[in-house]
Amino acid sequence: MKKHNFYAGPSILSQYTIDNTIDAIRNFAGTGLSLLEISHRSKEFTAVMDEAQALFKELLDIPAGYEVLFLGGGASTQFCMVPYNLLKTKAAYLDTGTWANKAIKEAKLFGEVDVVASSKADNYVFVPKDYTVPADADYFHITTNNTIYGTEIRKDLDSPVPLVADMSSDIFSRPVDVSKYDLIYGGAQKNIAPAGVTFVIVKVDALGKVERPIPTMLNYKTHVDKGSMFNTPPVMPIYAALQTLKWYKQLGGVKELERLDKEKAAYLYDAIDSSKMFVGTVHPEDRSIMNVCFVMKPEYKELEKDFIDFAGTKGIVGIKGHRSVGGFRASLYNALPLESVKVLVEAMKEFENKH
Ligand SMILES: *Cc1c(COP(=O)(O)O)cnc(C)c1O
């Protein structure tokens with residue numbers, strides 16, 4: 001049966017990405033060797049790295065003065081690398097959920113952290129908007145898409161200090177004005193590649209301003225100076241990332257991806273809003289177009305488990321909500337076709353009619 005993959009991460013990748021990666025694992029660039037067993041310093045792989053960085057810059061229209069890095073360690077390592085490299089005395093953070101909290105915890109190891117606002121008391125069902133970012137902060141850290149709670153900041157905020165953003169789960173879902181940011185990072189396993197590679201877009205001029213010594217591997221400058229080749233990079237996930245970027249370019253780039261993502265999200269949110277059984281969990285103005293969180297209304301609550309089983313009979317996988325929200329979460333990443341969303345909505349209607 002055809003599967004409809006709504007997992008939050010690792011998550012669906014394009015068939016183009018998977019097929020081309022399999023081909024390269026069998027025979028990489030005509031070398032007669034597998035992508036898995038070739039030097040990262042071979043001319044064939046350095047060409048992959050160069051092309052992936054160039055295409056990343058092209059698709060997001062990244063201005064001069066920024067570099068794109070492909071590192072290990074996940075977005076979670078960025079929670080410490082960011083303050084290690086950029087926090088001189090004080091940083092501002094916006095608390096919009098679990099991932100933001102993890103970033104805040106690490107930043108506190110390096111200096112003063114001003115949490116300018118939090119929606120924690122409301123279980124993060126909205127993104128706080130009423131706050132002031134101190135003008136003497138070294139940077140203002142935001143999580144643009146809250147993968148667990150299903151809220152999203154879909155614009156580039158105006159901030160008196162440079163922005164730093166965790167865009168793990170909404171990179172490539174809209175055009176971004178990179179010039180507003182000193183740094184953007186994310187685990188690639190939501191919208192780009194299999195797990196194992198982390199992307200970092202960094203403004204080179206923002207580096208080298210802290211006085212503390214920084215361990216070599218945790219120093220962005222090391223990786224900028226060596227073009228992400230200081231040590232062995234995650235070769236296979238980077239290759240897969242390049243395939244996804246090529247596929248994005250063929251589709252028409254980030255503007256077209258945004259149009260498709262909005263269409264999918266609207267289709268599902270409309271079905272939720274017109275249902276007598278299901279209800280969305282977040283404030284409509286902050287709804288994520290990547291992770292759609294919803295639950296059953298109190299009078300149907302005991303049917304939630306049954307719906308997950310019913311959806312499974314239609315090939316729908318990965319819709320169980322995160323334990324901190326419950327209910328359901330449908331992740332609509334770029335590689336998920338509208339057709340899968342239609343199958344989910346059809347299943348919701350069929351289930352509702354039965355009960
Ligand atoms: C998944 C996710 C992370 C964690 O990424 P790892 O690569 O597992 O460390 C961090 N932030 C956000 C917003 C995420 O969605």
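If you're wondering where the values come from, they're calculated on a predicted model, not measured in any experiment. (Residues numbered from 1 in each chain as written. Predicted model: local features only at pLDDT ≥ 70, side-chain atom pairs only at ≥ 80, totals over all residues. Heavy atoms only, no water.)

**Remarks on the sheet that holds strand 2 (residues 66-71)**
Quick note on the threshold: By the convention used here, strands pair only if DSSP detects at least 2 bridges between them. Helix numbering and strand numbering both begin at the N terminus, where a helix is a DSSP run of H or I of at least 4 residues and a strand a DSSP run of E of at least 2. An axis is simply a line fitted to the C-alpha atoms; with a helix, the fit covers only the stretch in contact. Between two such axes, the angle follows the N-to-C directions and lies from 0 to 180 degrees. Here a residue-residue contact requires only that any non-hydrogen atoms of the pair lie within 4.5 Å.
Spatially, the 7 strands line up as an open sheet ordered 2-10-9-8-5-3-4, and their pairing is mixed. Only two strands of the sheet have a single partner each, and these edge strands are strand 2 and strand 4 (112-118). For this sheet, the mean inter-axis angle between neighbouring strands, taken without regard to orientation, is 20°. As defined by bridge partners, strand 5 (residues 140-143) adjoins strand 8 (residues 163-166) across 4 bridges and the pair is classed as parallel. Bridged to Phe140 within strand 8 is Leu163. The strands touched by helix 2 (residues 43-60) are strand 2 and strand 10 (198-203); relative to strand 2, the strand with the most contacts, the crossing angle is about 130°.

**Focus: the packing of helix 8 (residues 304-312) against helix 9 (residues 338-354)**
We count it as follows: Small angles under 35 degrees read as roughly parallel and large ones over 145 as roughly antiparallel, with 65 to 115 read as roughly perpendicular and the rest as oblique. It is the rotation of the near helix from the far one that decides the hand of a crossing: anticlockwise by less than a right angle makes it left-handed, clockwise makes it right-handed. Residues are grouped as follows: nonpolar covers Ala, Val, Leu, Ile, Met, Phe, Trp, Tyr, Cys and Pro; charged covers Asp, Glu, Lys and Arg; every other residue, Gly included, is treated as polar.
In the contact formed by helix 8 and helix 9, the axes pass within 10 Å of each other and the chain directions differ by 130°. As judged from the angle between their axes, helix 8 and helix 9 are oblique. Pair helix 8 / helix 9 crosses with right-handed handedness. Contacts between helix 8 and helix 9 involve Asp306, Phe307 and Phe310 from the former and Leu344, Ala347, Met348, Glu350, Phe351 and Lys354 from the latter. Of the residues in the contact of helix 8 with helix 9, the class split is 6 nonpolar, no polar and 3 charged.

**Description of the pairing of strand 10**
Residues in a regular strand point their side chains to alternate faces of the sheet. For clarity, the cut-off: Residue burial is assigned from relative accessible area. The probe radius is 1.4 Å, only protein chains are included, and a residue is buried under 20% of its type maximum, exposed over 50%, and partly exposed in between.
Counting buried positions along strand 10 yields 5 of 6 residues, so the element is predominantly enclosed. Sheet analysis places strand 2 next to strand 10, joined by 6 bridges and oriented antiparallel. Paired with Val68 across the two strands is Ile201, which belongs to strand 10.

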